[in-house]
Amino acid sequence: MAVNNTNMVSLFGQSLHQLQELCQEEGFPKYTAKQICDWIYHKRVNDINAMTNLSLKTRARLNEMACVGRNTPVDCQTSCDGTKKYLFAIRRQKEGKETTDYIESVFIPDGERATLCVSCQMGCRMGCRFCVTGKQGFKGSLSSGEILNQIFSIPESEQLTNIVFMGMGEPLDNYEAIKQTLEVLTAEWGLGWSPRRLTVSTVGITPVLKRLLDECQCHIAVSLHNAFPDQRASMMPMQKKYPLHEVIELLKKYNWYGQRRISFEYIMFEGINDDLGHAAELARLLHGLNCRVNLIRFHASPEVPYRSSGERTMTTFRDYLDHQGITCTIRASRGEDIMAACGLLAGKLKG
Ligand code: SF4
């Protein structure tokens, strides 16, 4: 059970089962856990006193030992294309002192779709060479409440149609919190969303990916970026521990038709991974897998010595893959003026 800085239990982010255990420990009526879920996830209240169908005695006891635990963003930058980057403060007690770190979420409106890209860790342990977050090191993982808070506490929360776990951190390096977040988002006592509205991204931590495939029905996006093992290892150190071909073999064991969507993210770096030799190796690797490839322009950052491939190179790469029977799209660049690239977040954390 997540406990916040004041040693209060945070109700937000808890599963129905966890709340049932808490209610049982406190001697509350059995149905109280479901009522709390209704208040925090359906009615979206952030105050125990607002839970008016709980007895005064139950509310008084809850107020002594718990809080809902939602927090609004501390800052927001808006791009000229309508993309918004929200900054959330994450407070922790370390050696008796309160520390504050910041994480980002990116809201991307696009016609009838409204997607939020959420963070799951403060920093990241994966160390991808092209990523500002990876360069900042790792400061800790977020709880399910802190991940869900990003979804529930932005002004556009009720407009959201899709969530992508592609912000700061590697979701499968924080699997229990991600799994619980997915449960809250899809359970009838939570938001009741279809898992098809949720996409979890990963560099490909094979044993945990297998658990995700077995336990959740959400879409999967693998950060691929280079199909040649040695070159990928020089960009993404985790390739050495979890080789891409093992990730692909695992994915091929699952039947994707009519089920979840599997996609591969491929950021295009000028002169690094963008020639037709790379496209041919990628096509060879993905042969036989029902999937799509998203080509992504690199958002340049002063901290990273890479440049994006040009328009013509990307189009040629896409056409080659299309010709090989692989569905491939060039993802529209969003929020470049506020450095909002999902998976490449952070950059200028304040505080
Ligand atoms: Fe971590 Fe993603 Fe950045 Fe790699 S790209 S270091 S997995 S946040």
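These figures come from a predicted structure and were not determined experimentally.

The rules we used
- Residues numbered from 1 in each chain as written.
- Predicted model: local features only at pLDDT ≥ 70, side-chain atom pairs only at ≥ 80, totals over all residues.
- Heavy atoms only, no water.
- Helix = DSSP H or I, 4+ residues; strand = E, 2+ residues; numbered from the N terminus.
- Buried < 20%, exposed > 50% of the residue type's maximum accessible area, 1.4 Å probe, protein only.
- Pairing = 2+ DSSP bridges.
- Right-handed = clockwise from strand over helix to strand, strands pointing away.
- pLDDT = per-residue confidence, 0-100.
- Contact = heavy atoms within 4.5 Å.
- Axes fitted to C-alpha atoms, helices over the stretch in contact; angles between N-to-C directions.
- Core = buried A, V, L, I, M, F, W, Y, C linked by side-chain atoms within 4.5 Å.
- Salt bridge = Lys/Arg side-chain N within 4 Å of Asp/Glu carboxyl O.
- Parallel < 35°, antiparallel > 145°, perpendicular 65-115°, else oblique.
- Left-handed = near helix turned anticlockwise from the far one by under 90°.
- Nonpolar A, V, L, I, M, F, W, Y, C, P; charged D, E, K, R; others polar.
- Domains from an automatic or database assignment.
- Buried area = accessible area lost by both parts, 1.4 Å probe.
- Polar contact = N/O pair within 3.5 Å; in protein donor to acceptor, adjacent residues only side chain to side chain.

Draft legend 1. Highlighting unusual backbone geometry. Not every positive phi belongs to a glycine, and Arg44 is a case in point at roughly 60 degrees. Here Arg44 shows up in the loop between helix H2 (32–42) and helix H3 (56–65). Non-glycine residue Glu95 carries a positive phi angle of around 50 degrees. With respect to the secondary-structure elements, Glu95 resides in the loop between strand E4 (84–94) and strand E5 (97–110). The class for Glu95 is exposed, based on a relative accessible area of 84%.

Draft legend 2. Region of the structure containing the pairing of strand E13 (residues 292–297). In terms of strand pairing, strand E12 (residues 262–268) meets E13 through 6 bridges, oriented parallel. Its bridge partner lying in E13, Phe264 is registered against Val293. Each parallel crossover has a hand, and the one from E12 via helix H11 (residues 276–286) to E13 is right-handed. Note that the unit made of E13, helix H12 (residues 311–323) and strand E14 (residues 327–330) has a crossover that is right-handed.

Draft legend 3. Seen up close, the confidence of the model for the protein. A residue-level look at the protein finds 93% of positions with pLDDT of 70 or above and a mean pLDDT of 92. Per-residue pLDDT stays below 50 along residues 342–351; that stretch engages in 37 contacts with residues further than four places along the chain or on separate chains.

Draft legend 4. Highlighting the sheet that holds strand E9 (residues 162–165). Read from one edge of the open sheet, 10 strands run E3-E4-E5-E6-E9-E10-E11-E12-E13-E14, paired in mixed fashion. At either end of the open sheet lies a strand with only one pairing partner, and these are strand E3 (75–78) and E14. Strand-to-strand twist in this sheet, taken as the mean axis angle between neighbours without regard to direction, amounts to 25 degrees. Alignment of strand E10 (residues 198–202) against strand E11 (residues 219–223), held across 4 bridges, turns out to be parallel. Bridge pairing in E11 places Ser201 opposite Ala221.

Draft legend 5. Inspection of the nonpolar core at higher detail. Judged by nonpolar contacts, the single largest core of 106 residues is most densely connected at Leu62, Phe130, Leu212, Phe264 and Val293. Ignoring sequence-local partners within four residues, the contact set of Leu212 consists of Leu172, Tyr175, Leu182, Val200, Cys218, Ile220 and Arg260.

Draft legend 6. Molecular detail of the pattern of salt bridges. Evaluated as defined, the whole model comprises 19 salt bridges. Between Glu64 and Arg61 there is a salt bridge whose closest N-O contact spans 2.8 Å. On the criterion of helical spacing, the pair formed by Glu64 and Arg61 is a turn pair, its members being 3 residues apart in helix H3.

Draft legend 7. Representation of the environment of Ser55 within the structure. Mapped onto the elements, Ser55 comes out in the loop between H2 and H3. Linking Ser55 and Ser141, residues 86 residues apart in sequence, is a C-alpha distance of 35 Å.

Draft legend 8. How the structure looks around the packing of H11 against H12. Direction vectors running N to C along H11 and H12 enclose 30 degrees, while the axes themselves pass 10 Å from each other. On the basis of their axis angle, the class for H11 and H12 is roughly parallel. By crossing handedness, the relation of H11 to H12 is classed as right-handed. From H11, Leu276, His278, Ala279, Ala280, Leu282 and Ala283 reach across to H12, where they touch Thr316, Phe317, Tyr320 and Leu321. Here the contact of H11 with H12 is composed, by residue class, of 8 nonpolar, 2 polar and no charged.

Draft legend 9. Region of the structure containing the domain arrangement of the protein. We note that the domain assignment places domain 1 (9–67) and domain 2 (75–338) within the protein. A separation of 33 Å is found between the C-alpha centroids of domain 1 and domain 2. For the pair domain 1 and domain 2, the summed buried surface comes to about 1100 Å²; carbon and sulfur atoms form 60% of the total. Interface area lost by domain 1 to domain 2 is led by Phe12, Tyr41 and Arg44, which between them contribute 51%. On inspection of domain 1 and its partner domain 2, the count reaches 1 salt bridge. For Lys34, the salt bridge goes to Glu188, with nearest N and O atoms at 3.8 Å. Taken together, domain 1 and domain 2 are joined by 6 residue pairs in polar contact (both at pLDDT 80 or more). Put simply, the parts of the chain that give the side of domain 1 that touches domain 2 at least two residues each are helix H1 (16–26) and H2. The leading source of residues in the side of domain 1 that touches domain 2 is H2, at 5 residues.

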